[in-house]
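Structure at a glance
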Amino acid sequence: MTDSGLLGTTPFAVVDVETTGFSPRLRDRVVEIAVIRLAHGRPVEEYTTLVNPGRDVGPTHVHGIAGSDVQSAPVFEEIAGDVARLIDGAVLVAHNLRFDRQFLDAEFERVTSKWPVHPGGCTLGLAYAFDTGQTSRRLEDCCDRHGIQLASAHSALEDARATAALFIAYCETAARRGLTTLEALGCTPGTALPRDWLDLKPVGHAWTRNLAAGERRAERTFLSRLAENLPGAGAPDAGTAAYLELLDRALEDRRGTKTEAEELIATAGRWGPARA
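Described in the following lines is the structure provided in the data block. Residue numbers restart at each chain and count upward from 1, following the sequence in its written direction. Predicted model: local features are reported for residues with pLDDT of at least 70 only, side-chain atom pairs are reported and counted for 80 or more only, and whole-chain, interface and lining totals are derived from all residues. Side-chain metrics in this entry use all non-hydrogen atoms of the structure; hydrogen atoms and water are not considered.

Relative to strand E3 (residues 42-50), strand E2 (residues 30-39) runs antiparallel, the two being bridged by eight bridges. Across the sheet, residue Glu 32 finds its bridge partner in E3, namely Leu 50. In this structure, the hairpin formed by E2 and E3 is closed by a connection of two residues, where His 40 is found at a positive phi of approximately 55°. Here the rule is simple: two strands pair whenever DSSP picks up at least two bridges between them. Strands are runs of DSSP state E lasting at least two residues, helices are runs of H or I lasting at least four, and both sets are numbered from the N terminus onward.

Set out below in structure tokens:
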């Protein structure tokens, strides 16, 4: 990546979480997390672990994590310091950052009162800036277009690695176009990079799963495949796409309760897509 401006000097922390469901407001929790630290346009450190959510693990057929896999895994409080160390002083990046950020917010707010609002960048949003004319901006489809391998979708580490590679590809495209600021990349500056908040000690505790390449690649739901074939199925903007991606997650377990429907409506109100 071109080492110019903020793109060359600002560290990034690419995050991916696997969860028990689609909303922390419904008491859903993180069951796996991966963080990849980027500096000067390349990965410099990565961390991943399964997390004991203190409840059922949710749709195992989606993320491939069974209850027995997390019995000996640390709870989030035990690994918060390790995650925080890689995030500290960095811009958060994820594919659909709103989804991952809401879970990070909920988990960290349980263990520290100093969790700040980090500036963030979203590769889903960048796909609308740089992959114009495309119908799908799903992570696997974006990776396919850029020649990036995604061996096991819904594995936090594999998704984070793919997202990191995709983010670097978009940054290289931006640099070629003379776009060398965070704002030009669509990063939400919010506040300055947070300082003096890290009061959590890293302990190096991790409990990882064995996942053969492609062994548990998630299958797209029937509704996803059906919707993608409808005329005009492509979301008109990144905000709508983010909500539709959340909706897809909500329907992956092939069930929907009244409480989940109400939370989806509430989330739409917070995220801002049009009623239609």
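Alright, that's what it looks like, and here's the rest.
A few words on the sheet that holds strand E1 (residues 12-19). Strands sit in the order E3-E2-E1-E4-E5 across an open sheet of five strands; the sheet is mixed. In this open sheet, the two strands that pair with only one neighbour each are E3 and strand E5 (120-122). Neighbour to neighbour, the strand axes of the sheet diverge by 20° on average, direction disregarded. Should any heavy atoms of two residues lie within 4.5 Å, those residues are considered in contact. A fitted line through C-alpha atoms represents every axis, and for helices the fit uses only the stretch in contact; the resulting angles, taken between N-to-C directions, go from 0 to 180 degrees. Contacts from helix H5 (residues 97-109) reach E1, E2, strand E4 (91-94) and E5 within the one sheet, and its direction differs from that of E1 by about 80°.

Counting through the fold element by element, Gln 149 comes out in the loop between helix H7 (139-145) and helix H8 (156-176). Overall, the relative accessible area of 66% leaves Gln 149 in the exposed class. Gln 149 sits 12 residues away from Arg 161 along the chain, and the two C-alpha atoms are 9.2 Å apart. Think of it in three bands: with a 1.4 Å probe and only protein chains considered, a residue is buried below 20% of the maximum accessible area for its type, exposed above 50%, and partly exposed in between.

Turning our eyes to something else, we now look at the environment of Phe 130. Mapping Phe 130 onto the fold places it in helix H6 (residues 123-130). For Phe 130, a relative accessible area of 12% puts it in the buried group. As for Phe 130 and Cys 171, which are separated by 41 residues in sequence, their C-alpha atoms are 10.0 Å apart. Here Phe 130 is in contact with Tyr 170, Thr 173, Ala 174, Arg 177, Leu 179 and Leu 185, once residues within four sequence places are set aside.

Attention now moves to the pattern of salt bridges. Salt bridge, as used here: a side-chain nitrogen of Lys or Arg that lies within 4 Å of a carboxyl oxygen of Asp or Glu. Evaluated as defined, the whole model comprises 10 salt bridges. When the shortest N-O distance is used, the salt bridge between Arg 138 and Glu 140 registers 3.2 Å. Looking at Arg 138, the relative accessible area reads 22%, which means it is partly exposed. When its relative accessible area of 14% is taken as the criterion, Glu 140 is described as buried.

Moving on to H6. Taking burial as the measure, the eight residues of H6 include six buried ones, the bulk of the element. Residues of H6 that are buried: Thr 123, Leu 124, Leu 126, Ala 127, Tyr 128 and Phe 130.

For any pair of aromatic rings, geometry is given as the distance between the ring centres together with the angle between the planes. Classification of ring pairs rests on two measures: the distance between centres of Phe, Tyr or Trp rings, Trp counted by its six-membered ring, which must be within 6.5 Å, and the angle between planes, read as stacked under 30 degrees, edge-to-face over 60 and tilted in between. Evaluated as defined, the whole model comprises six aromatic pairs. Taken together, a centroid distance of 5.2 Å and an interplanar angle of 90° make the contact between Phe 76 and Phe 108 edge-to-face. Here the residue Phe 76 occupies a position in helix H4 (residues 76-87), and Phe 108 occupies one in helix H5, the gap between them amounting to 32 residues. Side by side, Phe 76 and Phe 108 carry an identical accessibility label, which is buried. Aromatic pair Trp 115 and Trp 197: ring centres 5.4 Å apart, planes at 75°, arrangement edge-to-face. Here Trp 115 is found in the loop between H5 and E5, whereas its partner Trp 197 is found in the loop between H8 and helix H9 (222-228), with 82 residues between them in sequence. Judged on exposure class, the residue Trp 115 and its partner Trp 197 are both buried. Members of the aromatic cluster, connected to one another through ring pairs, are Phe 76, Phe 108, Trp 115 and Trp 197. By the criterion adopted, a ring carries a charge over it if an Arg CZ or a Lys NZ lies within 6 Å of its centre and within 35 degrees of its normal. We note Arg 137 situated over the ring of Tyr 128; from NZ or CZ to the ring centre the distance is 3.9 Å.

These figures come from the coordinates and say nothing about function on their own.
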